[in-house]
Amino acid sequence: MTVFVLRRLVQTLLVLLITSVLVFGGLFMIGDPVEILVNPSADQIEKERATKALGLDKPLHEQYVGFLRGALSGNLGNSFVYARPALEVIFERMPATLELAFLAMVIAVVLGIPLGLYAGLRPHSPLAKTIMAGSILGFSLPTFWVGLILILVFAVTLGWLPSTGRGPTTNVFGLQLSIFNWDGLRYALLPAINLALFKLSLIIRLTRAQVREQSLLDYIKFARAKGLSNTRVIGVHLLKNILIPLVTVVGLELGSVIAFAVVTETIFAWPGMGKLVIDSIFQLDRPVVVAYLLVVVFMFILINLVVDILYSVLDPRVRLSEVKG
Amino acid sequence: MSAVVVPAAVVETPWQRFRRQFAESRLALIGLALLVVVVAIALLAPWIAPQNPYDLAKLDLLDARLPPGATAADGMTYWLGTDGQGRDMLSAILYGLRVSLYVGIASGVIALTLGAVIGVLAAYLGGRFEQIVMRIVDIQLGFPAILVALILLAVLGKGVDKIIIALVTVQWAYYARTARSAALVERHKEYIEAARALGLGAWRIVLRHLLPNSLPPLIVVGTVQVAHAIALEATLSFLGLGLPPTEPSLGLLIANGYEVLMSGKYWISVYPGVALLLTILAINLVGDQLRDVLNPRLSR
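Residues numbered from 1 in each chain as written. Chains lettered and ligands numbered in written order. Predicted model: local features only at pLDDT ≥ 70, side-chain atom pairs only at ≥ 80, totals over all residues.

Participant: Mind laying out the overall build of chain A, listing which residues take part and the relevant values?
Facilitator: Looking only at helices and strands, one finds 12 helices and two strands in chain A. Along chain A, helices (α) and strands (β) appear in the sequence α-α-α-α-α-α-α-β-β-α-α-α-α-α when read from the amino end. Classification of the 325 residues of chain A by burial places 36% in the buried group. At a minimum sequence separation of 6, the contacts of chain A that also span at least 24 residues come to 70%. (Helix = DSSP H or I, 4+ residues; strand = E, 2+ residues; numbered from the N terminus. Buried ≥ 20, exposed ≤ 12 C-beta atoms within 10 Å, placed from the backbone. Contact = placed C-beta atoms within 7 Å.)

See the structure below:
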């Protein structure tokens, strides 16, 4: 276990290093941030001064070494646009993205597992077929377009929910979160549903497939033969076994939800780190883009690690030492 | 004369069996029909579109943002309305479909070829090469496609060729993984051993024997991936990172309507979205059935 975690950590550092080299090198080939940052009427001298101030006059490898040196002390450079540490800017926006991703995942799980369970247990009923057809639709709907339709229907036409922005926040353990008050939740609802739709379809399909596979196995037959009630067979025996793959997928999908929030946040003008990175790409705010990617990559690796550990807890047959590190 | 028709022993060719099994699902047939229509429309766009949406001389700014069904000064009816530049939406969608399909299919074919060769080679050669390839695949699949494509396009810039490069980069790993696992199964079968015993070269065995026999799962992954690629391209274009405005795909058309959506001018975003949805839905319906038919584990 310790060896496993340690090996993962070394690997994490390696992946982070490679990511930083690739992204750093790639981003620094494009455009000139100074052109965007300085006043359009600025003369050559002013531009040169700005270039020097941002450290862009040095050759690429020197800039990278400077970046690495800063990174070792937890400083990923200053944002060109905000003139503050890039990490600080990102961490400020992170709670907004995380609460959105979390809410979306909750919606997907709370609706997806029961629907998938039903579709798996009664595969030939009309309702099950409707659910499955709906899940294909959910897979096929482009997320960003659904976002627009949600705004059109619920905000513009019906006027039930606000269309864009984030509502009032409450302070929860030092984090500014909006889902703990009704007004804030109203703002979060549309983007969260938008983000949840694809994952909902995925969870429905996965649950159904698992239920159908597991229902045929001996332990279910045995449980039924023992005369256990239907509720107990499904609720305890079946559910426990289909949870194992579900936990993996839900965990891994959490990372993809955070990444996909880029799209949803742009549509709903949700001030999270996804919108931040899109804005930063267009403003050529390189330090923020690099820092965002490193933060997200780190989060992914962390999520993967937690999922692997959870997996071994849920399924005693899995030994972490055997899992490829 | 009155010959008794003796039924010949029915021997189904694999192709016949495939067709019969595929046709068992009505939903899949609907999807297939829809797909044929979509592809036909995309191919025939220049001949069936009421207007050439790229010909700026034909556009009249006075006709900008007309609702569906409005009539132009020259008597033409805008069945799906017009966009901000007075462009007929129906024509723009037909041409946009062309771009979307082209990008999706081209990137899919390139990624499949690349991924399949790498994957099969990894399975055949094993050892160091396999380890390195699979590690890269693992790491890449650990990251969501949208993020990788986003950064790539931020670096590469806009353009059809660039978005294809980005889509190939995010897709090849899926094919490589699928091809490798399919080839691992095939590798130990007798015909490969026979080929080896005949002294055939590695390339010949990989390309002529392993690859063709590893194809069915690749086709299944391929259909799903093409649908993904089309959706991903639309998403990236919507974010302003995909195609240049001179070649509007469906995603870009939807983006153009985003600004006026709040004022109730829904048609500029909604109709291209419907076209996109129908395309992806058709591919997914076909892909779903293909998976069931081509899956050897589901004994039928």
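So, next bit.
Participant: Outline the packing of helix 10 (residues 230-267) of chain A against helix 12 (residues 286-314) of chain A, supporting the account with residue identities and numerical values.
Facilitator: All names here are of chain A. Taken N-terminus to C-terminus, the directions of helix 10 and helix 12 make an angle of 170 degrees; their axes are 9 Å apart at the nearest point. One finds that helix 10 runs roughly antiparallel with respect to helix 12. Note on element contacts: helix 12 touches helix 10 through Val 296, Met 299, Phe 300, Ile 303, Val 306, Val 307, Leu 310, Tyr 311 and Leu 314, opposite Leu 243, Ile 244, Val 247, Thr 248, Gly 251, Leu 252, Leu 254, Gly 255, Ile 258 and Ala 259. (Axes fitted to C-alpha atoms, helices over the stretch in contact; angles between N-to-C directions. Parallel < 35°, antiparallel > 145°, perpendicular 65-115°, else oblique.)

Participant: Would you mind going over unusual backbone geometry in detail, with residue names and values included?
Facilitator: Residue and element names in this part refer to chain A. With a phi angle near 50 degrees, Ala 269 is a residue other than glycine that sits in the positive phi range. Within the secondary structure, Ala 269 is located in the loop between helix 10 and helix 11 (273-282). The backbone of Leu 284 sits at a positive phi, close to 55 degrees, despite the residue not being glycine.

Participant: Give a description of the nonpolar core that names residues and reports values.
Facilitator: All names here are of chain B. The biggest cluster of nonpolar side chains holds 167 residues, and the ones touching the most others in it are Ile 93 and Ala 149. It is helix 3 (residues 89-125) that provides the largest number of residues to this core, a total of 19 residues. Setting aside its immediate chain neighbours within four residues, Ala 149 contacts Ala 166, Leu 167, Val 170, Leu 232 and Leu 236. (Core = buried A, V, L, I, M, F, W, Y, C linked by C-beta atoms within 7 Å.)

Participant: Summarise the interface of chain A and chain B; cite the residues concerned and give the values.
Facilitator: At the junction of the two partners, chain A supplies 33 residues and chain B supplies 30 residues. Counting only elements with at least two residues in the side of chain A that touches chain B, the list comes to helix 1 (2-27), helix 6 (126-140), helix 7 (143-157), helix 10, helix 11 and helix 12 of chain A. For the side of chain A that touches chain B, the residue count by class is 25 nonpolar, eight polar and no charged. (Nonpolar A, V, L, I, M, F, W, Y, C, P; charged D, E, K, R; others polar.)

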